[in-house]
Amino acid sequence: MSNSSRLYFFPQASPTPPCPLGPSLLRPYSLVDVPDSEWRLSGRGPTNASSEFPFPLQDTGNQEQPLTRNGWPAANSPGPALWKDCKEAWGCGCCPGAKHRARREGRVSCLPLSLGSSCIKYLTFLSNFLFSLLALLALAAGLWGLAVKRSVGSDWDGPLPTDPMLVLVLGGLVVSVVSLSGCLGALCENSCLLRCYCGAVLSCLALEALAGALVVALWSPLQDSLKYTLQVAIVHYWDDPDLHFLLDQVQLGLQCCGVASYQDWQQNLSFNCSSPGVQACGLPASCCINPQEEGASVNTQCGFGALHPDLSAAGQAVHLQGCWPVLQEWLRGHMQTIGGCAITVVMIQGTELLLATCLLRALNSCPKGNRRH
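Residues numbered from 1 in each chain as written. Predicted model: local features only at pLDDT ≥ 70, side-chain atom pairs only at ≥ 80, totals over all residues. Heavy atoms only, no water.

A. Highlighting the packing of aromatic side chains. According to the stated counting rule, one finds six aromatic pairs in the structure shown. Counting every residue linked through ring pairs, the aromatic cluster contains Y237, W238, W265 and F271. (Phe/Tyr/Trp six-rings, centres within 6.5 Å; stacked < 30°, edge-to-face > 60°.)

Structure representation (structure tokens):
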């Protein structure tokens, strides 16, 4: 290499996607040793070269400039600094003040969000943050319930979908993922996350509408299925602790016993009068009129012998009416409340979808040629 030579970076023919700092900043360059005499004869002096090539010309003298693995100049050249600025321009602006700093430095030429769009942004963030917290609490409660059941040696060989704790785990997981996508999408002004959030909310609304239509269209078969489920729960009362707990809560809350009458407990092998056990001709404590006769502890023997033919004696200790008529009456009396709750949930989801859509429109309102993040 001659003493009067210079190193120049010439752009190659195959372009790569443009960088926000300039249309040719990320194009691959070739390192060429051009003598000063040839450079002057070409009629392109340093002034013209600086306008065409982004890297200033380096006077090498007798020393060769080291190159990195990917062909960029060494640390003493301005190439890495420009490359760092290019990466910052493409980086995520989720950090506090990052987007405003990028706009001040000229890396992002789109104007900030308006006051109304900023209010929509933070309202979307706060609401989804609250929903994500509630969903994570439900997820933690479900995992805790599963862990407790496993620690006490419950039967895990059965099908897991029948476990109520699994409903909390799956529901909390789905809601937390959807809410966190909306939360982070609003905070980072990330259009991709916001689109995913809108798609998930739309899918939930579609599934809820389908479920509501099926309930209305199949109301009579659903009632028959619910009645059959209660009968099966009586037969398998001692087989599943979750089923045991749920049936007890239904009988205590509705103050009833059995499905059609208290005699339905004859279908359970433990309470059947032909059973040799101590619970023969008995009823569970949840059927008793006053299961806590002597203080706060539940008297588990309050229903013993209640299935005997003496109806007057049984009526003084346990509820004789079945749960199915009481449950039908309760559903008819609370139908407006259930419908109001369903409409409230749909309205909340629709509001969240509307806010996310408005924020997406505000983010995409910048012209394509100006918006660079």
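Structure shown, so let's carry the discussion forward.
B. Geometry of the nonpolar core. Membership of the largest hydrophobic core comes to 27 residues, with the highest contact counts inside it found for L247, W265 and L283. Those elements giving two or more residues to this core turn out to be α8 (219-235), α9 (241-254) and α11 (323-333). Tallying contributions element by element places α11 first for this core, with five residues. Leave out the neighbours within four places in its chain, and L283 touches C257, Y262, W265, F271, G303, A306, L307 and V318. Ranked by size, the runner-up nonpolar core spans 16 residues in total, among them L113, C183, Y197 and V201. (Core = buried A, V, L, I, M, F, W, Y, C linked by side-chain atoms within 4.5 Å. Buried < 20%, exposed > 50% of the residue type's maximum accessible area, 1.4 Å probe, protein only. Helix = DSSP H or I, 4+ residues; strand = E, 2+ residues; numbered from the N terminus. Contact = heavy atoms within 4.5 Å.)

C. Helix α7 (residues 191-217), seen in detail. With 27 residues, α7 should cover 39 Å at 1.5 Å per step; its first-to-last C-alpha distance of 39 Å lies within 8% of that length. Among all positions of α7, only S191, L194, Y197, C198, V201 and L205 are buried. (Expected span 1.5 Å × (residues − 1).)

D. Just the side chain of S181, in detail. Tracing the backbone shows S181 in helix α6 (residues 164-188). The class of S181 is buried, set by a relative accessible area of 14%. At 2.5 Å, the side chain of S181 forms a polar contact with the backbone oxygen of V178. Each residue touching S181, except ones within four places of it in the same chain, is listed here: L193 and Y197. (Polar contact = N/O pair within 3.5 Å; in protein donor to acceptor, adjacent residues only side chain to side chain.)

E. Geometry of the packing of α7 against helix α12 (residues 335-363). Taken N-terminus to C-terminus, the directions of α7 and α12 make an angle of 155°; their axes are 10 Å apart at the nearest point. Between α7 and α12, the crossing angle belongs to the class labelled roughly antiparallel. Here α7 and α12 pass one another in a crossing that is left-handed. Contact with α7, carried on its side by S191, L194, R195, Y197, C198, V201, L202, C204, L205 and E208, involves V345, V346, Q349, E352, L353, A356, T357, L359, L360 and L363 of α12 and no other residues of that element. Taken together, the residues of the contact of α7 with α12 sort by class into 14 nonpolar, three polar and three charged. (Axes fitted to C-alpha atoms, helices over the stretch in contact; angles between N-to-C directions. Parallel < 35°, antiparallel > 145°, perpendicular 65-115°, else oblique. Left-handed = near helix turned anticlockwise from the far one by under 90°. Nonpolar A, V, L, I, M, F, W, Y, C, P; charged D, E, K, R; others polar.)

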